[in-house]
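Analysis of the macromolecular model
The primary structure of each chain is shown beneath.
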Amino acid sequence: MTGAATALSPGSRPQLARKARLRTDRLTGETLLLYPEHGLVLSPSAAAILRLCDGRSIDTIARELGAPVSDVLEFLTALRDRGLVGERDAAPAEQGPGDPGAQRDPGQEAP
Amino acid sequence: MSSRPYVLIAELTYRCPLRCAYCSNPVEVADRAALPGADWQRVLGEASDLGVVQVHFTGGEPLLRDDLEALVARASELELYSNLITSGLPLTRERLGRLQAAGLCALQLSFQAARAGSSAAIAGVDAFLHKRQVADWALALALPLTVNVVLHRQNLDEVGAIIALAEELGAERLELANTQYLGWAYQNRAALMPSLAQLDAARAVVAAARERLRGRMEILFVLPDYHADRPRTCMTGWGERYIVVTPDGRAMPCHAAHILPLTFPDLRSQSLAAAWHDSDAFRRYRGTEFLGEPCRSCDRREADHGGCRCQAFLLTGDATAADPVCELAPHHDQVVAARAAAAVTAPPLTLRRLRVAR
C-alpha cells in the first residue's frame with residue numbers, strides 16, 4: 001500500500017478500488033457495494049454516482065446526475081477514506097468515517 | 001427479522017496441513033464422505049437464489065480441494081463476492097493466478113505470529129516463510145490481501161511486530177481476532193487465555209497503530225468475549241445472515257454449532273432454501289423467543305440475543321441459557337474462574353489433529 005492519497009477535488013477522476021465490486025441485488029433490485037467480508041446497500045443516488053466512476057471527473061459526474069458537486073465530492077471522499085474508491089492511476093486509501101450513501105451493512109462481523 | 005442469508009461460509013474440508021491449537025473446527029469429526037463437487041456447485045446456486053452475495057471458501061484448508069478453481073468460477077458466474085480464507089499451504093504462484101483468473105475477489109491469509117519460531121510453536125508446522133511468499137504473490141497479482149492472526153496468550157505480546165509484518169506484506173486489511181473458546185481452542189483454553197494486562201497492552205498498541213496507519217491499512221481488533229462484560233451477538237443472530245456448509249454437506253447457522261444437540265439439514269437430500277426456512281436447526285434459536293431469564297426481561301436481548309448458543313451449551317449444558325460471558329448470567333463464575341486462572345502459569349498446548357468419530 002502507498003501512503004494516504006491527496007484530497008479529492010472536482011477535477012479528480014475516481015474509480016472503484018480493486019477490492020470493491022458493484023452488483024444488483026437479485027431479491028431487491030438495490031445496488032450493493034461488496035468488499036472483503038462486508039457489503040453496503042447503496043441508496044439510488046449513491047449507486048448512480050458509483051456507476052459513473054469510470055474515468056469521468058467528479059465535475060462531469062455531478063453535471064450528468066444534476067447533483068451538487070459538493071454532495072458527490074463528500075460521498076466519494078467518504079468511500080475513498082474507507083479504501084473503496086481511488087483515483088484513476090492512483091492507489092486507494094483505506095478506512096475512515098461512515099459514508100452518507102450507505103443505509104445498512106448486510107455482511108458485518110464475519111467470523 | 002431478516003428472511004435471507006447474505007453470507008455463505010463454505011467449509012470445503014476439515015483437513016489442514018497446520019495443526020493450530022486454537023482451531024475452531026470440531027475436536028472430533030463425523031465419519032462421513034465429503035460433499036462432491038457437483039453438490040457444492042448446486043449449493044452455490046441455491047445460496048445465490050436465497051440472497052447470498054458473499055462466499056467465504058474456508059476449511060480446514062480449502063486449497064486441499066482440487067476443484068476449488070471450479071467452485072470459485074461458479075461463484076464468479078453467480079456474482080458472489082468470493083474470499084479465500086487460507087493458510088496458504090499448499091499453494092504455488094501459478095495456482096493463485098488460476099484462482100484469480102477464475103474470479104477470486106480477495107485473499108485472506110492466516111499468520112500465527114510475527115516470527116517463524118513462535119508461528120511454528122502454535123501451528124505445529126514451519127510455514128512462516130512460505131506464507132510470506134504467498135503474500136508477495138498476492139501483491140504481485142494485485143489480489144486484495146487481508147492478513148488474519150488469531151490472538152492468544154502466546155502471541156499477544158508480539159502484536160506490534162504482527163502489525164509491522166502485515167504492513168510490510170502490503171496487506172490492505174489486518175484482522176486481529178482474539179481466540180473464541182470453542183472447538184480446539186476450548187481444549188486449550190488454559191494455555192491460550194491471556195491475562196488482562198496482556199490484553200490492555202495489546203489494545204493500546206493496536207489503537208496507536210490504527211491512528212498511524214489511517215488511510216493505509218485497516219486494522220480490525222476483535223476483543224475476547226471472556227473479557228467483555230456483555231456477550232456478542234452470535235453470528236449477528238442465529239439463522240439471520242449466515243449459512244455454514246460443512247465439508248460433509250450439512251447446513252448450520254454457525255461454524256461451531258456441530259456441538260449442539262440438533263439435527264442439521266443434509267444438503268445431499270434437501271435444498272439450502274428448505275434448510276434455511278424450514279429446518280428445526282435454523283428455526284430453533286432464531287430471534288429471542290427461546291430465551292429464558294435473565295435474558296427474557298433484559299433490555300439488551302434484542303441487541304445480543306443472549307450471546308453465543310454454542311458457548312452457552314459448552315459451559316452450561318443448556319443451549320438456551322444466557323451466555324456465561326455475560327456478567328448477569330447465572331454461570332458467569334465459570335468465566336471469571338477461567339480468567340483468573342490466566343494469571344498463573346499456562347499448561348502446554350495440545351496441537352490439533354484430525355480425529356474421526358467411530
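This write-up is about the structure you can find in this document. These figures come from a predicted structure and were not determined experimentally. (Residues numbered from 1 in each chain as written. Chains lettered and ligands numbered in written order. Predicted model: local features only at pLDDT ≥ 70, side-chain atom pairs only at ≥ 80, totals over all residues. Heavy atoms only, no water.)

Observations concerning the overall build of chain A
The line we're drawing: Only DSSP runs of H or I reaching four residues or more are called helices, and only runs of E reaching two or more are called strands; each is numbered from the N terminus. For every residue, the accessible area obtained with a 1.4 Å probe (protein chains only) is divided by the maximum for its type, and the residue is called buried under 20%, exposed over 50%, and partly exposed between those limits. Each accessible area is a Shrake-Rupley result for a 1.4 Å probe, and residues are judged covered by the shown protein chains and nothing else.
From N to C terminus, chain A includes three helices and six strands. Of the regular secondary structure in chain A, the N- to C-terminal order runs β-β-β-β-α-α-α-β-β. Relative to its 111 residues, chain A shows a buried fraction of 50%. As displayed, chain A offers around 4800 Å² of accessible surface, 49% of which is attributable to carbon and sulfur atoms.

So, the overall build of chain B
Inclusion rule: Throughout, radius of gyration means the C-alpha value; the globule benchmark is 2.2 Å times the number of residues raised to the power 0.38. Residue contacts are counted whenever heavy atoms from the two residues lie within 4.5 Å of one another. The charge count includes Lys and Arg as positive and Asp and Glu as negative, but it does not include His or the ends of the chains. By convention, the point assigned to a charge is CZ for Arg, NZ for Lys, CD for Glu and CG for Asp.
Scanning chain B for helices and strands turns up 14 helices and nine strands. Relative to the globule expectation of 21 Å for 358 residues, the C-alpha radius of gyration of chain B, 20 Å, shows essentially globular dimensions. Along the longest, intermediate and shortest principal axes, the C-alpha atoms of chain B span 55 × 50 × 45 Å. Look at the contacts in chain B between residues 6 or more apart in sequence, and 74% of them connect residues 24 or more apart. Roughly 13300 Å² of accessible area belongs to chain B as shown, and the carbon and sulfur atoms make up 52% of that amount. Between the mean site of the 38 positive side-chain charges and the mean site of the 40 negative ones, chain B shows a separation of 2 Å.

Digging into the layout of surface pockets
Residue and element names in this part refer to chain B. Just so we agree on the cut-off: A cavity here means a set of 1 Å grid points, computed over protein atoms only, where a 1.4 Å probe fits but cannot escape. A pocket is an open set with protein on both sides within 12 Å along at least 5 of 7 lines, and lining residues have an atom within 4 Å of a point. Grid points are joined across faces, edges and corners, and a volume is the space filled by probe spheres set on the points. Ten residues, namely Ala, Val, Leu, Ile, Met, Phe, Trp, Tyr, Cys and Pro, are considered nonpolar, four, namely Asp, Glu, Lys and Arg, are considered charged, and the remaining ones, Gly among them, are considered polar.
Considering only enclosed or pocket space, the second largest pocket measures out at about 370 Å³ in volume. Contributing to the lining of the second largest pocket are 22 residues, with Pro 26, Glu 28, Ala 30, His 258 and Ile 259 lying nearest its centre. Tallied by class, residues from the lining of the second largest pocket come to 14 nonpolar, four polar and four charged.

Some points on the sheet that holds strand E2 (residues 54–58) of chain B
All names here are of chain B. The test is simple: By the convention used here, strands pair only if DSSP detects at least 2 bridges between them. Lines fitted to C-alpha atoms define the axes here, with helix axes fitted over just the stretch in contact, and angles between the N-to-C directions of these axes take values from 0 to 180 degrees.
Here we have nine strands laid out as an open sheet, ordered E7-E6-E5-E4-E3-E2-E1-E8-E9, and mixed in their pairing. Strands at the two margins of the open sheet, each flanked by one partner only, are strand E7 (218–222) and strand E9 (251–252). Against the sheet, helix H5 (residues 128–140) engages strand E4 (106–111) and strand E5 (145–151), with an angle of about 160° to E4.

Side note on helix H1 (residues 37–50) of chain B
Residue and element names in this part refer to chain B. Heads up, the rule is: Helix span, expected: 1.5 Å multiplied by one less than the number of residues in the helix.
In a regular helix each residue adds 1.5 Å, so 14 residues correspond to 20 Å; H1 covers 20 Å between its end C-alpha atoms and thus fits that length. Residues of H1 that are buried include every one of Gly 37, Asp 39, Trp 40, Val 43, Leu 44, Gly 45, Glu 46, Ala 47, Ser 48 and Leu 50, and no others. Where the residues of H1 are buried, they touch strand E1 (7–11), E2, helix H2 (68–77), strand E8 (242–245) and helix H10 (272–278). At the C-terminal side of H1, Gly 51 shows a positive phi close to 120°.

Details of the pairing of strand E3 (residues 31–35) of chain A
In the case of a regular strand, side chains alternate between the two sheet surfaces. Residues and elements named next belong to chain A. Of all five residues in E3, five are buried; the element is thus mostly enclosed. Side-chain alternation along E3 places Thr 31, Leu 33 and Tyr 35 on one buried face and Leu 32 and Leu 34 on a second face that is also buried. The pairing of strand E2 (residues 21–24) with E3 spans four bridges and is antiparallel. In the sheet register, Arg 23 faces E3, and the bridge partner there is Leu 32. What sits between E2 and E3 in their antiparallel hairpin is a turn of six residues, with Gly 29 showing a positive phi close to 80°. The sheet contact formed by E3 and strand E4 (residues 38–42) spans five bridges and is antiparallel. Opposite Tyr 35, over in E4, you have His 38 as the bridge partner. Linkage of E3 to E4, two consecutive antiparallel strands, is achieved through a turn of two residues, within which Glu 37 is found at a positive phi near 70°.

Here we look at the side chain of Ser 57 of chain A
Within the secondary structure, Ser 57 of chain A is located in the loop between helix H1 (44–51) and helix H2 (58–65). Setting aside residues no more than four positions away along its own chain, Ser 57 of chain A makes contact with Pro 10, Gly 11, Ser 12 and Arg 13 of chain A.

Remarks on the packing of aromatic side chains
All names here are of chain B. What counts here: Each Phe, Tyr or Trp ring (for Trp, its six-membered ring) is paired with any other whose centre lies within 6.5 Å, and the angle between the two planes then decides the class: stacked below 30 degrees, edge-to-face above 60, tilted in between. Ring-over charges, as used throughout, are those where CZ of Arg or NZ of Lys falls within 6 Å of the ring centre and within 35 degrees of the ring normal.
Counted according to the given criterion, the structure contains five aromatic pairs over all chains. Each ring, one from Trp 276 and one from Phe 282, has its centre 5.7 Å from the other, and the planes form 55°; the classification is tilted. For the residue pair Trp 276 and Phe 282, the accessibility class agrees, reading buried in each case. The structure contains a cluster of three or more aromatic residues connected by ring pairs, namely Trp 238, Tyr 285 and Phe 290. Between Lys 131 and the ring centre of Phe 111, over which it is positioned, the NZ or CZ distance is 5.8 Å. Taking NZ or CZ as reference, Arg 286 lies 4.8 Å from the ring centre of Trp 276, over its face.

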